[in-house]
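Observations on chain architecture
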Amino acid sequence: MRISLNWLRELVDFTMTPEELAHTLTMAGFEVEDIEDRRTWADGVVVGKVLSCQPHPNADKLRVCEVDIGAAAPLNIVCGAANVRASLYVPVATPGTYLPNIDLKIRPTKLRGVRSEGMICSLFELGLAKESSGIHSFDDEDNLELGSDVRPLLGLDDAILDITATANRADALSMVGIAREVAALAGATLKLPEAQEVSIAAKGTGLMLKIEEPQACPAYIGTVIEQVKIGPSPEWLQRRLQLSGVRPINNVVDITNYILLEWGQPLHAFDRDRLQVVAGKNSLTIGVRFAQQGESLKTLDGQTRTLQSQTLLITANDKPVALAGVMGGEETEVHEGTQNILLEAAIFDMMAIRRSGRSQGLRTEASARYERGVNQAELEIACRRAIGMIAELAGGVPVVREIADARPNQSAWTRSIELRLERVNQILGPIDLGEDVGELQAQDIERILTALGCQVTPAAAEKVWTVTVPPYRYRDLEREIDLIEEIARLYGYDNFCDDLPAETEAGYISVDQQLTRKLREALRAAGLTELVHYSVVKPEADTKIIIRNPMFSEYSALRKDLISGLIDAFQYNLEQRNGPLNGFEIGRIFWQEEDGLMEADSVAGIIGGDPTLGKWTRSGREEPMSWYEAKGVLDNVFQRLGLKVEYQPDRRDERLHPGRTASLWLQGDRLGTFGQLHPQLRKERDLPDAVYVFDLDLDVLLDYLDRDENFIPTFHPYSSFPASDRDIAFFAPSQVYVAEIEREMTKVAGDLLESVELFDEYKGENVPPGQRSLAFRLIYRASDRTLTDEDVESVHGKVREALRDKFNVTLRS
């Protein structure tokens, strides 16, 4: 929020410079993003009067002017503005003046041979407009003194602080709220604007209220004001709005915006006659309800919006006329011909406005305040002040007022909290007293909380208080710890000792985090790039978990797996001509069971890119990755992690090729799935032929790696004796898995078998039907001796016999 210091000084007495105030507010938790000191924009610019204006002798578009600035002699100034003429009162930048908006320092110079001793300025050159067609001239010539500073006349005697308030401080989105904060920080006197009592002599009962959603709208005040004269606002009001970043429109709309900035209470003015046209009759019933299916509304920004069921509406005889608390409707806006208005002042529920605004993708200054929580105790004050200003500046006469109030009584607008001095010092620790340290005293606590507007009453126990919170801090001061935070904030965080607590320990990461990092390293080492996707995805036909209040309607479901996102990323990279993608993701997935919503971490990957570094040996052609090459990438990861994973045929995932998909098993536990994308899916997505994915259960993986024998690496000495290898080839039934054969070989051969590797598979001619030819290489080695042929043949013969007996293989060698 942009804070004008001149405006702020009318509300609170303080003497700090803009820089000092910015530092004080920042240290108190209000980040000051920028200081816009407008006093520097026209330092040295004075009021002057053009005495004469003659054509330049050497330039057609230049004029030579004599300008009186109240000095002993007039200045000779060359000016190129088309609207310059004699008798105008103008802003004049004297020699030595620096104009930061155009980065120019004024010096006496010659322009086309004629001496120029200053510059007649436009609003653009003074920083008050984005562009100007000519120089600026003052209208009120009677009150102008030649040579006087122009800054008070143009509103350049002010400084603006751009302040960002935390989400819990709804009260800080107003000048009154900041004034209260400055008064507490500086110990200054607060001078809040007064709201005069409004007497309304009702002429009739042409207005009724129908609040169908009292929870969403606890209070609504509708005031009919007649005989309004629409016109431009006074200069002081326009200037304050402009300094706050708000564009002036007309006197009535400007007053509602002014009250929004001053009190933080959004108001809205309807054209009463247009409301009656929309309503279709003279009697007017203003309602508050949620939208129905198929309704639409054209808002003030010119957009026709399709309303959702969570959109809160203001209606006229049940016809939508505004988005409640967000934006008014174009059909009923105040315009130049408006004579009668309906002024709306209301309290809307925070959640209702937040959902309503999100349903339309719309956030305004009004909704930003309702979303944080408007002070319901000051609704009437803001309303009365707006009515008084409309009567003063627009000639309006209030004639009818209707109030619908479902708020609890005023005692519920505050709360009492017990505060203990011992607890305060326990949490905040000692304070720095220069050469010594001490503790906060009771008088410090009472002074700070009283400055915040709290009522502090000593309790029965010693050094314990009952603190009554003011209504404007009701939403963020709820517990004792909140009061302690306020005490630290106002006393000054930098006044407390910065010693660390006595019992501290070094930070560490959990075992699961260590193992997950190890997994990431293994996947990256295998050539995979880590990807990160949102947990929310587009809803699909089989989506089971839909978010009730999504930020975006097109991303309103929780993902059930990681593979879908990886396929989308693969397709996107191809479409962007980035080539095939080899990547992995570790993230959370969600699913629904009878017990409710379940979630777990998962790891998945996609492989489809050419792993070679260069393609010049293949004349630039892409070499698609085979199933075994892709499986090798995954096996490389398993090997780095010390996992012995078995592959078994699987066809449960319809997105994967039924004949090229395997389930992964780790010591009897299902680890996940690995396979090639189904041809139909690849055709629909326009993907290459060779794209593979894997999906692993991270919990199973971490449980295995967390075991002592796996978590702590064990050194196994290398054998210094030579190895002996044997090949074995046979016909095996096709339904027998290679993993089963390898498991049986390892079991029978015992400790002498160092490794077993499948190096050939063949189906086709000369192979019996229903079988395939397999060839394995077995490496035998002992750790204590050189194996003899008899040792190897004895064990190798047992392997051959076991395969023949258990799997009914036909040996070929």
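Located above this text is the structure these notes cover.
Attention in this report is confined to the structure presented alongside it.

Definitions and cut-offs
Residues numbered from 1 in each chain as written. Predicted model: local features only at pLDDT ≥ 70, side-chain atom pairs only at ≥ 80, totals over all residues. Heavy atoms only, no water. Salt bridge = Lys/Arg side-chain N within 4 Å of Asp/Glu carboxyl O. Buried < 20%, exposed > 50% of the residue type's maximum accessible area, 1.4 Å probe, protein only. Patch = residues over 30% accessible without salt bridge, like charges linked within 9 Å, V, L, I, M, F, W, Y side chains within 5 Å. Areas by Shrake-Rupley, 256 points an atom, 1.4 Å probe, with all protein chains shown as cover. Lys, Arg positive; Asp, Glu negative; His and termini not counted. Charge placed at Lys NZ, Arg CZ, Asp CG, Glu CD. Helix = DSSP H or I, 4+ residues; strand = E, 2+ residues; numbered from the N terminus. Pairing = 2+ DSSP bridges. Arc of directions from axis to C-beta. Contact = heavy atoms within 4.5 Å. Axes fitted to C-alpha atoms, helices over the stretch in contact; angles between N-to-C directions.

Applying the stated rule across the entire model yields 51 salt bridges. When the shortest N-O distance is used, the salt bridge between R785 and D784 registers 3.4 Å. The class of D784 is exposed, set by a relative accessible area of 55%. Each member of the salt-bridge network shares a partner with another, and the members are R169, D171, E181, R473, D476, E486 and R489.

This brings us to a negative patch on the surface. On the surface, a cluster of negative charge is contributed by D512, D669, D697, D699, D703, D706, D708 and E709. Elements with a minimum of two residues in the negative patch: α18 (698-705) and α19 (708-711). Position of D699 among the secondary structure elements: in helix α18. Accessibility expressed as a relative area gives 40% for D699, which makes it partly exposed.

The two faces of strand β24 (residues 416-420) differ: I417 and L419 on one face are buried, but S416, E418 and R420 on the other face are not. In the sheet, β24 pairs with strand β28 (residues 464-468) via 5 bridges, with the strands oriented antiparallel. Among the inter-strand pairings, I417 is bridged to a residue of β28, identified as V467.

Pairing in this open sheet of 5 strands is mixed, and the strands run β13-β16-β19-β20-β21 from one edge to the other. The open sheet is flanked by β13 (207-211) and β21 (327-328), the only strands paired with a single partner. The pairing of strand β20 (residues 319-323) with β21 spans 2 bridges and is classified as antiparallel. Its bridge partner being in β21, A322 is matched across the sheet by G328.

Before going further, it helps to examine helix α5 (residues 235-243). Buried residues of α5: L237, R240, L241 and L243, and no others. Seen along its axis, α5 keeps its buried residues to an arc of 165°; they face one direction. Of the residues one or two after α5, G245 is the one with positive phi, at around 85°.

One non-glycine residue with positive phi stands out, namely S87, at about 80°. Position of S87 relative to the elements: it lies in the loop between β5 (75-79) and β6 (89-93). Accessibility expressed as a relative area gives 41% for S87, which makes it partly exposed. Positive phi is not limited to glycine here, since R112 has a value of about 55°. Positionally, R112 belongs in the loop between β9 (109-111) and β10 (114-116). Residue classification places R112 among the exposed residues on the basis of a relative accessible area of 54%.

This part takes up the sheet that holds strand β36 (residues 669-677). Strand order in the open sheet made by the 7 strands is β29-β32-β33-β37-β36-β35-β34, with mixed pairing throughout. Every interior strand has two partners, whereas the edge strands, β29 (529-530) and β34 (646-649), have only one. Relative to β36, strand β35 (residues 656-666) runs antiparallel, the two being bridged by 7 bridges. Bridge assignment links W665 to a residue of β36, and that residue is R670. Where helix α14 (residues 511-525) meets the sheet, its contacts fall on β29, β32 (583-593), β33 (596-607) and β37 (692-697), and the angle it forms with β32 comes to roughly 130°.

Turning our attention to a nonpolar patch on the surface. On the surface, a nonpolar cluster with roughly 230 Å² of combined accessible area is contributed by V511, F711 and I712. The topology assignment puts F711 in helix α19.

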